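Letter by letter, the chains look like this.
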Amino acid sequence: MRKQRSGARAANGWWRRMAIGAAAIASAMAITAGAAYADVDLKGRIMAWAGLQADAAVSELDRAIQDETARQAAELQRQVRSELERQAAEFERFSAELQTAKRQEIADYAESLLSSRSFDSEEQKREYASRLEAATAAALASLSGVDMPAATPTVSGDVYAGDGATP
C-alpha cells in the first residue's frame with residue numbers, strides 16, 4: 001500500500017505543480033495582456049487629450065483673431081471719423097476764405113468800373129452807381145447761395161461688417 005500512497009502523493013504533487021504552473025502562466029499572460037491594453041489605452045487617451053488641447057487652442061486663436069479684428073476696426077473707424085471731421089472743418093474754413101475773397105473781388109471790380117467811366121453829370125454817375133450797386137448786391141446774394149450745408153460726414157459700422165458689400 002505504500003507504493004500506492006506514494007503514487008497517489010506523486011500524482012497529487014504533480015497536479016499541484018501543474019496547477020501552480022498553469023496559474024503562473026495565466027497570471028503572466030493576464031499581466032502582459034493588461035500592460036499591452038494599458039499601453040493602447042494610454043496612447044488613445046493621450047491622443048484624445050492632445051486633440052482636445054489642439055481644438056481648444058484653435059478656438060482660442062479664432063476668438064483672439066475676432067477680438068483683435070473688432071478692436072482694429074473700431075480704431076480705424078475712429079481714425080477715419082476724426083480725419084473726416086478735420087477735413088470738413090478745413091473745407092468750411094477754405095470756403096469762408098474763398099467767399100470773403102470773392103466778395104472783396106466783386107466790390108473792387110464794381111469800384112473800378114465806377115471809377116474808370118466818365119460821366120457827363122452827377123445824376124448820370126448816381127444812376128450808374130445805383131445800377132452797379134444792384135448788380136453787386138445780386139452777385140453777392142448769388143454768392144451767398146453757394147453756402148455748403150454744415151453736415152458732418154459719418155462713418156457707419158456697416159462698412160466694417162466684413163460681408164464684402166460696399167456702402
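Check the entry above for the structure.
Peer 1: Explain the overall build of the protein to me, please; I cannot follow it from the model alone.
Peer 2: Within the protein one finds two helices and zero strands. Residues counted as buried form 7% of the 167 residues belonging to the protein. When the accessible surface of the protein is totalled, it reaches about 13900 Å², and 60% of it is carbon and sulfur.

Peer 1: Would you mind showing me how to read the environment of Ala137 here?
Peer 2: Relative to the elements of secondary structure, Ala137 occurs in helix H2 (residues 122-144). With relative accessibility at 46%, the residue Ala137 sits in the partly exposed group. In this structure the C-alpha to C-alpha distance between Ala137 and Ala107, which are 30 residues apart in sequence, comes to 9.5 Å.

Peer 1: What's the story with the pattern of salt bridges in this structure? I'm lost.
Peer 2: Opposite charge on two side chains allows them to pair when their charged atoms are near. Using the criterion set out here, one finds eight salt bridges in the structure. Of the charged contacts in the structure, one is a salt bridge between Arg71 and Glu68, with a shortest N-O distance of 2.5 Å. Linking Arg71 with Glu68, this pair stays in helix H1 (residues 2-116), spanning three residues, or about one helical turn. Where salt bridges share partners, they join Glu60, Arg63 and Asp67 into one cluster.

Peer 1: Help me understand the packing of aromatic side chains in this model?
Peer 2: Describing an aromatic ring pair means giving the distance of the ring centres and the angle of the ring planes. For the structure shown, the criterion picks out one aromatic pair. Measuring from centroid to centroid gives 5.4 Å for Phe119 and Tyr128, while their planes differ by 50°, and the two rings are tilted. Arg117 extends its terminal NZ or CZ atom over the ring of Tyr128, reaching a point 4.7 Å from the ring centre.

Peer 1: Just checking my understanding: could you explain a nonpolar patch on the surface for this structure?
Peer 2: A surface patch of nonpolar side chains, amounting to about 390 Å² of accessible area, comprises Trp14, Trp15 and Met18. Assignment of secondary structure puts Met18 in helix H1.

Peer 1: Would you mind showing me how to read H2 here?
Peer 2: Because an α-helix packs 3.6 residues into every turn, residues spaced three or four apart end up facing the same way. Look at H2: 32 Å from first C-alpha to last across 23 residues, which is about the 33 Å you get at 1.5 Å a residue. Every buried residue of H2 is accounted for by Tyr128, Leu132, Thr136 and Leu143.

Peer 1: Help me understand the environment of Ile106, please; the structure alone is not making it clear to me.
Peer 2: Within the element layout of this structure, Ile106 appears in helix H1. Judged by relative accessible area, Ile106 falls into the partly exposed class, the value being 23%. It is 7.8 Å that separates the C-alpha atoms of Ile106 and Leu140, two residues lying 34 residues apart in sequence. Ignoring sequence-local partners within four residues, the contact set of Ile106 consists of Thr136, Ala139 and Leu140.

Thresholds, definitions, all that
Residues numbered from 1 in each chain as written. Predicted model: local features only at pLDDT ≥ 70, side-chain atom pairs only at ≥ 80, totals over all residues. Heavy atoms only, no water. Helix = DSSP H or I, 4+ residues; strand = E, 2+ residues; numbered from the N terminus. Buried < 20%, exposed > 50% of the residue type's maximum accessible area, 1.4 Å probe, protein only. Areas by Shrake-Rupley, 256 points an atom, 1.4 Å probe, with all protein chains shown as cover. Salt bridge = Lys/Arg side-chain N within 4 Å of Asp/Glu carboxyl O. Phe/Tyr/Trp six-rings, centres within 6.5 Å; stacked < 30°, edge-to-face > 60°. Lys NZ or Arg CZ within 6 Å of the ring centre and 35° of its normal. Patch = residues over 30% accessible without salt bridge, like charges linked within 9 Å, V, L, I, M, F, W, Y side chains within 5 Å. Expected span 1.5 Å × (residues − 1). Contact = heavy atoms within 4.5 Å.

In short, shape yes, function no, at least from these values alone.
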